[in-house]
Every structure is written in structure tokens, then in C-alpha cells.
Amino acid sequence: MDQQSEKRREYLYSNLSKQLSRLNSNFEQLNKNMAVLKEQAELSQRLALSQASMFMGAKDVFERSTGQDSRQ
């Protein structure tokens, strides 16, 4: 190979190496973001269940206090 082709090859491999490093960094950040997303989804589910329980309890108390028991 001539010198120009060798320099071109070195440049391309260097560029490829930089791109792969950036891709790896992006995947690492994505992995961290997915871990946070998983935790947030679990917490949101727990919050939704808690709120549903409170609303069901509040409805029951309201119906009892007004004499409108819907469980008849």
C-alpha cells in the first residue's frame, strides 16, 4: 500500500474508534436511564395502588355517612 492509503486507513480506524467509544458511552447512559425508569415505574404503580385504595375507602365512608350503601 502506498503512504496515502495507509494514512487514510489510520484516519478511518481512528474515527471508527471514536464513534464506537461514543456509542459505548451512550449505551452506558441508556442503561442508567433504564434503571431509573424501572424504579420510577415501580414507584408509580405503588402510588396508583395507594391512591385507588384511598379513593375506594373514601367512597365507602361517604356512602355510609349518606346512607347510600351500594353493596346491597
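Preceding this section is the structure that the text describes.
Residues numbered from 1 in each chain as written. Predicted model: local features only at pLDDT ≥ 70, side-chain atom pairs only at ≥ 80, totals over all residues. Heavy atoms only, no water.

Student: What's the story with the environment of Glu42 in this structure? I'm lost.
Tutor: With respect to the helices and strands, the residue Glu42 is situated in helix α1 (residues 3-66). The class of Glu42 is partly exposed, set by a relative accessible area of 40%. Sequence separation between Glu42 and Gly57 is 15 residues, and the spatial gap between their C-alpha atoms is 23 Å. (Helix = DSSP H or I, 4+ residues; strand = E, 2+ residues; numbered from the N terminus. Buried < 20%, exposed > 50% of the residue type's maximum accessible area, 1.4 Å probe, protein only.)

Student: Any chance you could explain α1 here in plain terms?
Tutor: Given a rise of 1.5 Å per residue, 64 residues ought to cover 94 Å, and the 92 Å separating the end C-alpha atoms of α1 matches this to within 8%. In the segment just after α1, Gly67 is the residue with positive phi, at about 75°. (Expected span 1.5 Å × (residues − 1).)

Student: Even after reading the chapter, I still don't get the pattern of salt bridges, so can you show me in this structure?
Tutor: Charged atoms that come close allow side chains of opposite charge to pair. What the rule picks out here adds up to three salt bridges. Residues Lys59 and Glu63 are paired through a salt bridge, measuring 2.9 Å at the closest nitrogen-oxygen approach. Here Lys59 pairs with Glu63, and both are found in helix α1, just four residues apart, close to one helical turn. In this structure, Asp60 and Arg64 form a salt bridge, with 3.0 Å as the shortest nitrogen-oxygen distance. Within this pair, Asp60 and its partner Arg64 are both found in helix α1, separated by four residues, close to a single helical turn. (Salt bridge = Lys/Arg side-chain N within 4 Å of Asp/Glu carboxyl O.)

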